[in-house]
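Structure at a glance
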Protein chains: 8
Amino acid sequence: MSDTLRNLLDAVRYGAMSVEEALSHLAASSPSADALDFATLDHLRGERTGFGEVIYCPGKTDDQIASIAARLARASGIVLATRATESAFAAVRAQIADARFDREARVIVVERVPLPRVGSVAVVSAGTADRPVASEASACLDVMGNAVGRIDDVGVAGLHRVLGHVGALRSARAVVVIAGMDGALPSVVAGLTDKPVVAVPTSVGYGASFGGLAALLTMLNACAPGIAVVNIDNGYGAACVASRINHVGQ
Amino acid sequence: MSDTLRNLLDAVRYGAMSVEEALSHLAASSPSADALDFATLDHLRGERTGFGEVIYCPGKTDDQIASIAARLARASGIVLATRATESAFAAVRAQIADARFDREARVIVVERVPLPRVGSVAVVSAGTADRPVASEASACLDVMGNAVGRIDDVGVAGLHRVLGHVGALRSARAVVVIAGMDGALPSVVAGLTDKPVVAVPTSVGYGASFGGLAALLTMLNACAPGIAVVNIDNGYGAACVASRINHVGQ
Amino acid sequence: MSDTLRNLLDAVRYGAMSVEEALSHLAASSPSADALDFATLDHLRGERTGFGEVIYCPGKTDDQIASIAARLARASGIVLATRATESAFAAVRAQIADARFDREARVIVVERVPLPRVGSVAVVSAGTADRPVASEASACLDVMGNAVGRIDDVGVAGLHRVLGHVGALRSARAVVVIAGMDGALPSVVAGLTDKPVVAVPTSVGYGASFGGLAALLTMLNACAPGIAVVNIDNGYGAACVASRINHVGQ
Amino acid sequence: MSDTLRNLLDAVRYGAMSVEEALSHLAASSPSADALDFATLDHLRGERTGFGEVIYCPGKTDDQIASIAARLARASGIVLATRATESAFAAVRAQIADARFDREARVIVVERVPLPRVGSVAVVSAGTADRPVASEASACLDVMGNAVGRIDDVGVAGLHRVLGHVGALRSARAVVVIAGMDGALPSVVAGLTDKPVVAVPTSVGYGASFGGLAALLTMLNACAPGIAVVNIDNGYGAACVASRINHVGQ
Amino acid sequence: MSDTLRNLLDAVRYGAMSVEEALSHLAASSPSADALDFATLDHLRGERTGFGEVIYCPGKTDDQIASIAARLARASGIVLATRATESAFAAVRAQIADARFDREARVIVVERVPLPRVGSVAVVSAGTADRPVASEASACLDVMGNAVGRIDDVGVAGLHRVLGHVGALRSARAVVVIAGMDGALPSVVAGLTDKPVVAVPTSVGYGASFGGLAALLTMLNACAPGIAVVNIDNGYGAACVASRINHVGQ
Amino acid sequence: MSDTLRNLLDAVRYGAMSVEEALSHLAASSPSADALDFATLDHLRGERTGFGEVIYCPGKTDDQIASIAARLARASGIVLATRATESAFAAVRAQIADARFDREARVIVVERVPLPRVGSVAVVSAGTADRPVASEASACLDVMGNAVGRIDDVGVAGLHRVLGHVGALRSARAVVVIAGMDGALPSVVAGLTDKPVVAVPTSVGYGASFGGLAALLTMLNACAPGIAVVNIDNGYGAACVASRINHVGQ
Amino acid sequence: MSDTLRNLLDAVRYGAMSVEEALSHLAASSPSADALDFATLDHLRGERTGFGEVIYCPGKTDDQIASIAARLARASGIVLATRATESAFAAVRAQIADARFDREARVIVVERVPLPRVGSVAVVSAGTADRPVASEASACLDVMGNAVGRIDDVGVAGLHRVLGHVGALRSARAVVVIAGMDGALPSVVAGLTDKPVVAVPTSVGYGASFGGLAALLTMLNACAPGIAVVNIDNGYGAACVASRINHVGQ
Amino acid sequence: MSDTLRNLLDAVRYGAMSVEEALSHLAASSPSADALDFATLDHLRGERTGFGEVIYCPGKTDDQIASIAARLARASGIVLATRATESAFAAVRAQIADARFDREARVIVVERVPLPRVGSVAVVSAGTADRPVASEASACLDVMGNAVGRIDDVGVAGLHRVLGHVGALRSARAVVVIAGMDGALPSVVAGLTDKPVVAVPTSVGYGASFGGLAALLTMLNACAPGIAVVNIDNGYGAACVASRINHVGQ
């Protein structure tokens, strides 16, 4: 794993630390420790899973968000906070002058040493109401170091719309497809490309859409091969998968 | 309503029958009456709703099916029995020499005075496994007096398949679309035609298809206008709706 | 299809345009294109599916709604916006002086060259609380060019109410039936007429009505033939299906 | 409560028994006690709840059923066993010569001192496939001492059928209404009578009937007043409620 | 049925009215008619089902509620409005000086010729939070002409509480049992009495209580005989059933 | 059971009280009695189930909460109120000067004769958003007389975090594990300890977490042995179980 | 943890083994390793979680079951196989002469060095049909080294039955309560004892019991404190939890 | 797209074919055409989506499977049939001597010109019962041209098992993780690697696992980033996604 991790275990190997101490040190890098060194934490997460810790804002106070953001900014130079509100951004901005806010995506970003944008991910959405989720996916993919192409408003009710983008769907390294209501777009897209499709159901709809459940089931039962699904409205989750795909072999 | 019905009520009007007697006579035409005259019954149903009584076989013995079929055949010359088994057909055939059996559709038909086949209904299905439901719909539409066109194996995973039938979808008077798994085909079809689309989810699929529930929800949430839905695997139900549509104004 | 569409493909045929260009042009008529010509778009949608684009208001700002409405009004002379609020109407009215608002139906309408009202659609509702959905269906049917008859408050708890309208149910070309709670009305209506019944479950009810799910399941399992179902509270969707039925053969 | 119960507690009162002993004696009348005296048990249940213990056959061997039946027959002269099979009846018959078997109701009955049939309960069913449940309800009501009237095949798809029985529905002291598929019949019946309606959903149906769930929800959401619901296919349960109603004040 | 109804049909019999006219007259007594005579309407409902029309307030404006109440008060002298708010009561009070409001029950009542309180219904509730539903049931039972006894806070977690009321449970003619959370109280009560038990699940609870679904399922699956169930939180519905039971044979 | 209970029954034994009187006295200690002696009530509950009555605040007014708290404080010297708001605390504080409020846990506590803190319970939570539930569990365990150890933010996405606490998980007498989203933490913890694990799903999550249902199902299906589950977000319920476990044999 | 585990890590500490080798050794004790030494495996599991590996039979061939059982018998002298069939037992018996089979519990046991039976666990069941689950719980508890007391057929429909066992419920160290249908028994039991209650819903029931879901929800929502729940029909799972509870502090 | 496709459209461009003819030709390559040339079909599918048509056996007769397999074998030299039975294999073998059958995976394979095995996909499963799904995924990945590594029996109940494979999880290009019951394994794996994780819930489990629904929800709600999910038991579907990922950039 990471050098930090190996160093700890080497300390065990060379008698400099007991087994119990080694386990304690690992635990100490958990966010519950009092004297938390976030730089270390983030470093471990980034090495282990490809991208550092991300702030999921709901359930946190603006002050907590700003405080975590400030520490992550100092430690790694990169901050990504999702589902952020305007007031959370104000709190962050008060501490980090170069923070920026993508309002449609509800994402706060700080990038002091931006990751290079590599490869290519297509982000496709069915309707206007799906755009916030598409924007969240795009903004996250961007800061995670992926070149992103957006294709919006190509729902299956008017097939000519998606048929005009077949080239882009085939030349990307991964395709994120976002749709609510009937959730039929990924089935159509996966039949038009040979690239992996990450499908995101949205809660757009009413009545028997059951908050996105209908679209979720549609996507899990897609008759076209090459589709995997993330949680409802989870643009960030789709970005994580697509970014991992796009970085394979880069 | 029917002449029979009006005659009864006229009898009340002209003092030939009490109100209680009139209600009793109406009740007497119910199938639970001991001395049931099926011809009368069927006549009423046919006049009232456009097609006579249909035998739904599950839960009935072969003997019961054959006996009902024989009475309907004598009364109206037309028998339609759905979800029939081979042994049910044998029992019917023993009594009605000119009965025929569509094995894929699981439908028994007797037609002594066939209804004229009018108008045009397109029956479209997504995959091979959806064919029994498509055949049930087609066979029922046929005996109900509709000209039927079949379009099979045009699932959305290969869009070129359905795109090759746009002309047929637009020239029909009603379109029945049958699909399991993701149930996405009606959304695509309804965007290609201006005719009413009757969508039939099928129980084809596995895992999170939940016996057709996924396809049912997809269709209820279709993003294209002009779609209404019947019960899972209910080819007969779709035929009833499409036949009523096709006969409007004929 | 439409002349516009055929013209494009003819351009391919006569060498004036490459295949890729043709597909791109089709895509360019999608609403995501920057230089969107809504008139063209609407023209295509209307030709392809029988009625132009409709504005579904939820998730759009009042400004967006007014802007889209203005462009549709200029292009086709007909605007239909559903689930509209009072403030959305104010925004539209500021731009389109002849816009009108049906408050119970929550529908904004502009009609400069009204479609002729043809045929006949009966809109039947069970209880007072179902009226907004019935009004949405009626208002949409009206602007789509259908003669509409309303029958309200005829729930099955007092059967004499619906029995008094049998004539109207039989003389219409299509019947829309709207009910919440137990959703039993379509089963009764479909047994009284030979016309296609489009059933709309509403979210009226409480407890185990589960936001309209109970009524939806009732309608999908209706024991009377000739019923197809649209999504919960979807008066607009029912209007689309009924209008397509009513225009068949007109 | 019963004399037996009071006797025990009187024994406590007069010092003949400790509190712990009294509780132990009560426990000893439970069927898990080794030296079980079924006559006593049944006597208590009958006094406490209006009818003695009933044998629910599923999950019991034929021998167990026969053995319990024999003991109940000796103790009280009345045996009622529900959901019985042909082989269970054979086992019972071998021990109790005067046992009888209602095959459609799947009910075994022994009646040596029949309860007088009092009052009046109407048992109404919608379709042929609902008859086994209606027969279970009728057979149980009969042995529980109720006069029963059957009204079958009066589903709402043909309203004239139920309208012909309004008199019977109004003159009964309780009405049991049994229906599968859309489960709409209780809503109609409760609007035609002023008597309590016990609704029984059946598992008759397919697709989105979900084994009777659709009918269950319909009945719980009935728009007509005066309906209460028992479990799916639970003819016995409906009989218990209706018998209690019918015996009130007798 | 009622004299009004019979008079109409007699008019048919004696040639004074055509069949179509008779049906129209029946329809004219529906609340959708413009010149609605509520006295006639209520009279019919009361005769047919045992109690006149009840105003369910949600979805109606305060003005509508007050207007309907005024007409019902004039026609029959009895008004019952459920799920009423303080402002709805203010509107009613402005028109009907003798209207009263039970705030816990959320019920508005006007009684100019009170029905005699007959028989006996026990209303039993498990916890404090179930009291509003118990009060709705009690208030409705009262105005419907039933003598009511309340037993509150006797949940099964402390069995001695319900055991102290066995006498009352056995001497009532009907027992309404109201419980949320685990919904176990009806099972215990039905084992202690020989009277019919009307069980009302409430939405009291959290997490996996799913808004009362858990309690509803518990009650439908009760292991004690003699229980029937109404919709979640439906105190009014339980009152309708219990009142019908209590009036049988009175 | 308790002395109070035994005294009552002894009174029956020695003829000082009739059976009916004994049952009435038991009933009189229910909270619905007008002249409620809460000290008696609490005393019985505490003796019978190990801890006195707890105030669940939702659905009660601030005044009611304060009044009950004051009576419990006088009677037993211990008050525990869960899901309390700031204003409820203000009301309690006005009557009980030594009441304290744990804001994260939403718990009001009064302890005049604190129970000794015995044994050891570990309270483990997966993420920051699960902390309110963990705090409720901890605060309740504390006042119920348990020594509590907290381990927070040890979700399975970074396994090293929980692995650093194996010693604490094995030395506790009971382990409460709290997790939302995927609810996977109890499965991991139960594989690392030989102590009983009480799992608490939380409603933390979105989309297909369905308000905690996903985590609930995960925990019920845990592949590691030794896990039992309480209701969603039910920190208090987990504390009750863990406290009972921890007090066994103490 | 165990000596084996500590020895491995000590080897790292003293330089005898690299970190990678240590992790590999741990992995080698997984059952997927080719040269699997089951004795080692079981030893680790037993030390880590309190009881060795248990064979869950479904999905394994008789030969596989017999082979695993033989290895476990050699290694630890204790075998526990759940959900076993008669033929699986025959296969095991052919290899292990002293294996025994509890047919009602469907459990195969080999005990060469039986664990001492300590403490006390009460296993309580509601009805006859719940006995197989109760027997599985009892048999597993027995071989895991717990003294077990059985209390059967004490469903809440006849409260006197469970009231006669209050002493046993209070003197046990843990109580397992098993119930299907309404699942109400744990709520009653937990109100009668101060010991932890492990509730097991069973799939006994029909209709809206949904295979045990109704009982599961009842138990999760129990209004009495001190209850935690395991999966439907999971007698083994309840035994694991109860055994852990019973062994705390022994 | 493919040359075949481009040739058709070029024919339109150069006037050799009308637009209608071009669409008809495309439709003619659908499997519903009478004179179907499967080689052409497969060629199109392979070019468009990366792998040719796969035979899903359920719902097809053995003869149909053998006939389709023979045509695919002639056309492309590669056959993959999933969910095959022994008798289906016998039918295929009779026509294709070099067909082979992986019984655990239930997969029939013919490979005359095997695709080169490139990259690396790790297939990880939690328990023995998950092996058939893991084998289906592995067998499909193999024939689709991927190098596959299997890691079995590493469920989270014994964490040391999966921790011993961290290196393999990090060096693969894609990871497929298969788990039933609690479905917790993907959450753990995704926290240990930076590669995309394709999670497959299985129907392994009982009670509240609801046929895999519990595991499905767990995976959709995974707290670790980088996971996407396919349908329950869908090893083939996971292989399609993982193969597309593994081939990106190869």
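Residues numbered from 1 in each chain as written. Chains lettered and ligands numbered in written order. Predicted model: local features only at pLDDT ≥ 70, side-chain atom pairs only at ≥ 80, totals over all residues. Heavy atoms only, no water.

A few points about the overall build of chain A
Stated formally: Secondary structure follows DSSP: runs of H or I at least 4 residues long count as helices, runs of E at least 2 residues long count as strands, and numbering of each begins at the N terminus. For the exposure calls, accessible area comes from a 1.4 Å probe over protein chains only, and a residue counts as buried if that area is under 20% of its type's maximum, exposed if over 50%, partly exposed in between. Surface exposure here means Shrake-Rupley accessible area, sampled with a 1.4 Å probe, where a residue is shielded only by the protein chains that are shown.
When helices and strands are tallied, chain A shows 11 helices and nine strands. Burial statistics for chain A: of 250 residues in total, 62% are counted as buried. If you sum the accessible surface of chain A, you get close to 8200 Å²; carbon and sulfur atoms cover 53% of it.

A word on helix 5 (residues 86-95) of chain D
How we decide: Arc definition: directions from the helix axis to the C-beta atoms.
Looking at helix 5 of chain D, one finds that the buried residues are Ala-88, Phe-89, Ala-91 and Val-92 of chain D. The buried residues of helix 5 of chain D all sit within an arc of 160 degrees when viewed along its axis, so they share a single face.

Regarding the pairing of strand 7 (residues 174-179) of chain A
All names here are of chain A. The cut-off we apply is this: By this definition, two strands are paired if DSSP reports at least two bridges between them. A right-handed crossover is one whose linking path, passing over the helix from the first strand to the second, runs clockwise when the strands point away from the viewer.
Burial analysis of strand 7 places six of its six residues in the buried class, the great majority of the element. Neither face of strand 7 is exposed, since Ala-174, Val-176 and Ile-178 on one face and Val-175, Val-177 and Ala-179 on the opposite face are all buried. With five bridges joining them, strand 5 (residues 118-125) and strand 7 adopt parallel strand pairing. Counterpart to Ser-125 in the pairing with strand 7 is Ile-178. In terms of handedness, the path from strand 7 via helix 9 (residues 185-190) over to strand 8 (residues 197-201) forms a crossover that is right-handed.

A short note on the pattern of salt bridges
Condition: Here, a salt bridge means any Lys or Arg side-chain nitrogen found within 4 Å of an Asp or Glu carboxyl oxygen.
Under the definition given, this model contains 79 salt bridges over all chains. A salt bridge links Glu-86 of chain E to Arg-103 of chain E; the shortest N-O distance between them is 2.6 Å. Placement of the pair is Glu-86 of chain E in helix 5 (residues 86-95) and Arg-103 of chain E in the loop between strand 3 (100-102) and strand 4 (107-111), with a sequence separation of 17 residues. Put simply, Arg-100, Glu-111, Arg-117 and Asp-142 of chain A are held in one network by salt bridges that share partners.

A short note on the interface of chain H and chain A
Which entries qualify depends on this criterion: Should any heavy atoms of two residues lie within 4.5 Å, those residues are counted as being in contact. Summed over both partners, the accessible area lost on bringing two parts together, with a 1.4 Å probe, is the buried area. The term polar contact refers here to a pair of N or O atoms within 3.5 Å; inside protein, the definition further demands a hydrogen-donor-capable atom paired with an acceptor-capable atom, and it admits residues adjacent in sequence only when both atoms are side-chain atoms.
Between chain H and chain A, the contact holds 34 residues from the first and 34 residues from the second. Both sides together, the interface formed by chain H and chain A hides about 2900 Å², and carbon and sulfur atoms give 61% of it. The largest share of the area that chain H buries against chain A comes from Leu-220, Arg-244 and Val-248 of chain H, three residues that together contribute 22% of it. Our enumeration of links across chain H and chain A arrives at zero salt bridges. Put simply, chain H and chain A have 13 residue pairs in polar contact (both at pLDDT 80 or more) between them. Within the residue set of the side of chain H that touches chain A, elements represented by two or more residues are helix 3 (38-49), helix 8 (166-171), helix 10 (213-220), strand 9 (227-229) and helix 11 (235-247) of chain H.

What about the interface of chain F and chain H?
On the chain H side, the residues contacting the 22 residues of chain F number 22 residues. Across the chain F to chain H interface the summed buried area is about 1900 Å²; carbon plus sulfur atoms make up 72%. Counting across the chain F and chain H interface gives zero salt bridges. Going through the elements one at a time, helix 9 (185-190) and helix 10 (213-220) of chain F are the ones with two or more residues in the side of chain F that touches chain H. Per-element accounting of the side of chain F that touches chain H gives the leading share, four residues, to helix 10 of chain F.

Some points on the sheet that holds strand 2 (residues 78-82) of chain C
Judged by pairing direction, the sheet is mixed, and its four strands sit side by side in the order 1-2-4-3 (chain C) without closing on themselves. Looking at which strands have only one partner, the edges of the open sheet turn out to be strand 1 (55-56) and strand 3 (100-102) of chain C.

Some remarks on the confidence of the model for chain A
All names here are of chain A. Here is the rule we go by: As a per-residue measure, pLDDT reflects the predictor's confidence and takes values from 0 up to 100.
The predicted model of chain A averages 84 in pLDDT, with 81% of residues at 70 or higher. Throughout residues 1-6 the model reports pLDDT below 50, and contacts reaching past four residues in sequence, or to other chains, amount to 13 contacts. A low-confidence stretch, residues 24-43 (pLDDT under 50), is modelled with 39 contacts involving residues beyond four sequence positions or located in other chains. Interface confidence for the predicted complex, given as ipTM, is 0.84, next to a pTM of 0.86.

Some thoughts on the environment of Ala-66 of chain D
Residues and elements named next belong to chain D. Here Ala-66 lies in helix 4 (residues 62-76). Ala-66 gets classed as buried once you look at its relative accessible area, which sits at 3%. Setting aside residues up to four positions removed in sequence, Ala-66 forms contacts with Ala-91, Val-92 and Gln-95.

Points about unusual backbone geometry
One can expect most non-glycine residues to show negative phi and most peptide bonds to be in trans. Of note, the phi angle at Asp-153 of chain C is positive, near 60 degrees, even though the residue is not glycine. When you line up the elements, Asp-153 of chain C lands in the loop between strand 6 (146-151) and helix 7 (160-163). In this structure, Arg-83 of chain E takes a positive phi of about 55 degrees despite not being glycine. Within the secondary structure layout, Arg-83 of chain E lies in the loop between strand 2 (78-82) and helix 5.

Quick look at the pairing of strand 2 (residues 78-82) of chain H
All names here are of chain H. In terms of burial, strand 2 is a largely internal element, five of the five residues being buried. Burial of strand 2 is two-sided: the residues Ile-78, Leu-80 and Thr-82 facing one way and the residues Val-79 and Ala-81 facing the other way are all buried. With two bridges joining them, strand 1 (residues 55-56) and strand 2 adopt parallel strand pairing. Along strand 2, the bridge assignment pairs Tyr-56 with Thr-82. The parallel pair strand 1 and strand 2 is bridged by helix 4 (residues 62-76), and the resulting crossover is right-handed. Pairing of strand 2 with strand 4 (residues 107-111), which is carried by four bridges, proceeds in the antiparallel orientation. Note that in strand 4 the partner of Ile-78 across the bridge is Glu-111.

A closer look at the relation of the copies chain H and chain A
Put simply, the second copy of the chain is the first one after a rotation about an axis and a shift along it. This is how it is decided: Alignment of the copies relies on least squares applied to C-alpha atoms, considering only residues that score at least 70 for pLDDT in both.
With an RMSD of 0.0 Å, chain H superimposes on chain A once it is rotated by 180 degrees and translated 0.0 Å along the axis. Accordingly, the operation relating the two chain copies is best matched by a two-fold axis. A shared interface surface links the copies, since 100% of the contact residues of chain H are contact residues in chain A too.

Points about the sheet that holds strand 3 (residues 100-102) of chain G
The strand order across the open sheet built from four strands is 1-2-4-3 (chain G), with neighbouring strands paired in mixed fashion. Each edge of the open sheet is held by one strand with a lone partner, namely strand 1 (55-56) and strand 3 of chain G.

Here's the deal with the relation of the copies chain F and chain H
For the match of chain F to chain H, the screw axis carries a shift of 0.0 Å, the RMSD comes to 0.0 Å, and the turn is 180 degrees. Mapped onto chain H, 100% of the interface residues of chain F again fall at the interface, so both copies present the same surface.

A look at the packing of helix 4 of chain H against helix 5 (residues 86-95) of chain H
When two helices pack together, their arrangement is given by the angle between the helix axes and by the axis-to-axis distance. Residue and element names in this part refer to chain H. Inclusion rule: Angular values range over 0 to 180 degrees, each being the angle between N-to-C directions of two axes fitted as lines to C-alpha atoms, with helices fitted over their stretch in contact. For this classification, under 35 degrees means roughly parallel, over 145 means roughly antiparallel, 65 to 115 means roughly perpendicular, and everything else is oblique. Here a crossing is called left-handed whenever its near helix is offset anticlockwise from the far helix by less than a right angle, and right-handed whenever the offset is clockwise.
Two elements in contact, helix 4 and helix 5, have axes whose closest approach is 8 Å; the angle formed by their N-to-C orientations is 40 degrees. Between helix 4 and helix 5, the crossing angle belongs to the class labelled oblique. Our pair here, helix 4 against helix 5, has a crossing hand that is right-handed. Between helix 4 and helix 5, the residues in contact are Asp-62, Ile-65, Ala-66, Ala-69 and Ala-70 and Ser-87, Ala-88, Ala-91, Val-92 and Gln-95, respectively.

A look at the packing of aromatic side chains
Under the convention used in this document: Stacked, tilted and edge-to-face pairs are distinguished by plane angle, under 30 degrees for stacked and over 60 for edge-to-face with tilted covering the rest, among Phe, Tyr and Trp rings (Trp via its six-membered ring) whose centres lie within 6.5 Å. Note on geometry: a ring has a charge over it if NZ (lysine) or CZ (arginine) is within 6 Å of the ring centre and within 35 degrees of the ring normal.
In this structure the tally under the stated criterion is 16 aromatic pairs over all chains. Cation over ring: Arg-83 of chain E sits above Tyr-206 of chain C, and NZ or CZ is 5.0 Å from the ring centre.

Some thoughts on the side chain of Arg-161 of chain G
Put simply, the rule reads: Lys and Arg are tallied as positive, Asp and Glu as negative. Neither His nor the chain termini are counted.
Mapping Arg-161 of chain G onto the fold places it in helix 7 (residues 160-163). Within the buried set, Arg-161 of chain G has no salt-bridge partner at all; the shortest N-O distance to an opposite charge, 5.6 Å, is to Glu-53 of chain D. Looking at Arg-161 of chain G, its side chain comes within polar contact range of the main-chain oxygen of Gly-155 of chain G, at 3.0 Å.

A short note on the environment of Val-198 of chain C
Residue and element names in this part refer to chain C. Structurally, the position occupied by Val-198 is in strand 8 (residues 197-201). Exposure remark for Val-198: the relative accessible area of 2% places this residue in the buried category. If sequence neighbours within four positions are ignored, Val-198 has contacts with Val-175, Val-176, Val-177, Ala-228, Val-230, Ala-238, Val-241 and Ile-245.

Regarding the packing of helix 6 (residues 131-143) of chain E against helix 11 (residues 235-247) of chain E
Residues and elements named next belong to chain E. Basically, it comes down to this: Each residue receives one of three labels: charged for Asp, Glu, Lys and Arg, nonpolar for Ala, Val, Leu, Ile, Met, Phe, Trp, Tyr, Cys and Pro, and polar for the others, Gly being one of them.
Helix 11 packs onto helix 6 with a crossing angle of 40 degrees between their chain directions and a minimal axis gap of 8 Å. As summarised for this structure, helix 6 and helix 11 are arranged oblique, according to the angle between their axes. The element helix 6 and its partner helix 11 pack so that their crossing is right-handed. The residues of helix 11 that touch helix 6, namely those facing Val-133, Glu-136, Ala-137, Cys-140 and Leu-141, are Gly-235, Tyr-236, Ala-239, Ala-242 and Ser-243. Split by residue class, the contact of helix 6 with helix 11 holds seven nonpolar, two polar and one charged.

Concerning the environment of Val-123 of chain F
Residues and elements named next belong to chain F. Within the element layout of this structure, Val-123 appears in strand 5 (residues 118-125). The class of Val-123 is buried, set by a relative accessible area of 0%. Residues Val-123 and Ser-87 lie 36 residues apart in sequence; the distance between their C-alpha atoms is 28 Å.

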